[in-house]
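The chain contents come next:
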Amino acid sequence: MSRRAWVPWIVFGLPVLVFSVWAIADNSSLYFKTLLNGLTLASLYFLVASGFTLVFGLMRNVNLAHGSLYLIGAYVGWMVGERTGSWVLAVVAGFLAAAVLGLLMQLLIFRHMQGQDLRQTLVTIGLSIVLADLALWAWGAEIYTFDPPSWIYGSTTLPLVNKFPTYRIFVFIASVVIGVGLWLLLARTRVGMMIRAGVDDRAMLSASGVNVQRVFALTFAIGAGLAGLAGVVGGTALSISPGEDTRYLLASLVVVIVGGMGSVVGAAIGALLIGLAEQFGLAYAPTYSVVFTFVIMVVALAFKPRGLMGKRVV
């Protein structure tokens, strides 16, 4: 790693170290509770952004309806959970609903607009507005919540913070498992190799006998499904309401931009930075909490224009 590559890490690391020493000395309980809340929020952001980094960062499809997939998956999962009483079925339903919708988007829209970024942007903005209005018509403006299953309900005793919601610990562990699985899929499997090869040289991959459109459709469905899964997980940790689609779309954009397009590791780092910045900002400087996110973006892009883990696109 070059000397310049270390600069953003030093710029991020030194202020964080100084602040952490001061905050722990001032009120260690508040610091560690905020840290755990930041990890939970970062886990949720990663679940949404991991699907977005597949579609936008890796496949170069500008899908600004990704937040709508989160919201639709959450609503469908809530309906299934209410009727069956099973949270696991709600998660599966949210994943499948968003995956099917994403697959239709890829087949009907993105397949015919490869490389046309502006058209993709305009069409998916319009689609997100339509989906948001349909969701408002179908489910109204009420706020919905999930009840976590009994085996992750309640609180767990932890050092330094005493009790912390068990479900939030589960969200963090689940995001780590999904992140590792996604990285292994892309970096260590034949399917991942085909996905990466298709992005770099579609004609050559097609000439080798691979159905490129099928590979891309599968990838898009997985990315969309992860957004729907995150909708159910996020609806359990927080709530489901109109406007959540815009919030998580913006969060996904920031995470992918900071972390680097097409990098699962970058998405994890970006989500961690943004999630912690939001929670510590709310706890210690609520008036300026929004500013911290923009500071992270400015510093990251100033030294790493392609993101912290982004690579040069040939």
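Before any of the text, the structure's been laid out above.
Sequence order sets the numbering: in each chain, residues are counted from 1 along the sequence as written. Owing to the predicted nature of the model, reporting of local features is limited to residues with pLDDT of at least 70; listing and counting of side-chain atom pairs is limited to 80 or more, with chain, interface and lining totals taken over all residues. With hydrogens and water set aside, each side-chain value is computed from the structure's full complement of heavy atoms.

**What to know about the environment of Tyr144**
Thought 1: Turning to its location among the elements, Tyr144 is positioned in the loop between helix 4 (117-139) and strand 1 (155-158).
Thought 2: Considered as a pair, Tyr144 and Leu108 are 36 residues apart in the sequence and their alpha carbons are 31 Å apart.
Thought 3: It only takes one pair of heavy atoms within 4.5 Å for two residues to be counted as in contact. The contacts of Tyr144, once residues within four sequence positions are left out, are Tyr75, Trp78, Trp139, Ser239 and Ile240.
Thought 4: Side-chain polar atoms of Tyr144 contact the backbone oxygen of Trp139, separated by 2.6 Å. The way it works is that DSSP assigns letters per residue, a run of H or I at least four long becomes a helix, a run of E at least two long becomes a strand, and they are numbered from the N terminus. Between N or O atoms, a polar contact is any pair within 3.5 Å; within protein, one atom must be a potential hydrogen donor and the other a potential acceptor, and residues adjacent in sequence are included only when both atoms are from side chains.

**Digging into helix 4**
For the α-helix, the turn length of 3.6 residues means that residues three or four positions removed from each other point alike.
Thought 1: Take the residue count of a helix, subtract one, and multiply by 1.5 Å to get its expected span. Taking 1.5 Å of rise per residue, 23 residues should cover 33 Å, and helix 4 covers 32 Å from first to last C-alpha, within 8% of that figure.
Thought 2: What helix 4 keeps buried is the set Gln120, Thr124, Ser128, Leu131, Ala135 and Trp139.
Thought 3: In the segment just after helix 4, Gly140 is the residue with positive phi, at about 75 degrees. We call a residue buried when its accessible area falls under 20% of the maximum for its residue type, exposed when it is over 50%, and partly exposed in between, using a 1.4 Å probe and counting protein chains only.

**A closer look at the nonpolar core**
Thought 1: Only buried Ala, Val, Leu, Ile, Met, Phe, Trp, Tyr and Cys residues count toward a nonpolar core, and they belong to the same one when joined by side-chain atoms within 4.5 Å. Within the largest apolar cluster, 64 residues are counted, with the highest numbers of intra-cluster contacts made by Tyr45, Tyr75, Phe146, Val233, Ile240, Val255 and Val258.
Thought 2: The element contributing the most residues to this core is helix 8 (residues 212-237), with eleven residues.
Thought 3: With sequence-adjacent residues up to four places away left out, Val258 is seen in contact with Gly270, Leu273, Ile296, Met297, Ala300, Gly307 and Leu308.

**Let's talk about the packing of helix 9 (residues 244-259) against helix 10 (residues 264-284)**
Thought 1: Note on geometry: axes are lines fitted to C-alpha atoms, helical ones only across the stretch in contact, with angles between N-to-C directions running from 0 to 180 degrees. The contact between helix 9 and helix 10 brings their axes to 7 Å, and the two run at 120 degrees. Classified by the angle between their axes, helix 9 and helix 10 sit oblique to one another. Crossing angle aside, the handedness with which helix 9 passes helix 10 is right-handed. Residues Val254, Val255, Val258 and Gly259 of helix 9 pack against Gly266, Ala267, Gly270, Ala271, Leu273 and Ile274 of helix 10. Here roughly perpendicular refers to angles of 65 to 115 degrees, roughly parallel to angles under 35, roughly antiparallel to angles over 145, and oblique to all remaining angles. Should the near helix be turned anticlockwise from the far one by less than a right angle, the crossing is left-handed, and should it be turned clockwise, the crossing is right-handed.

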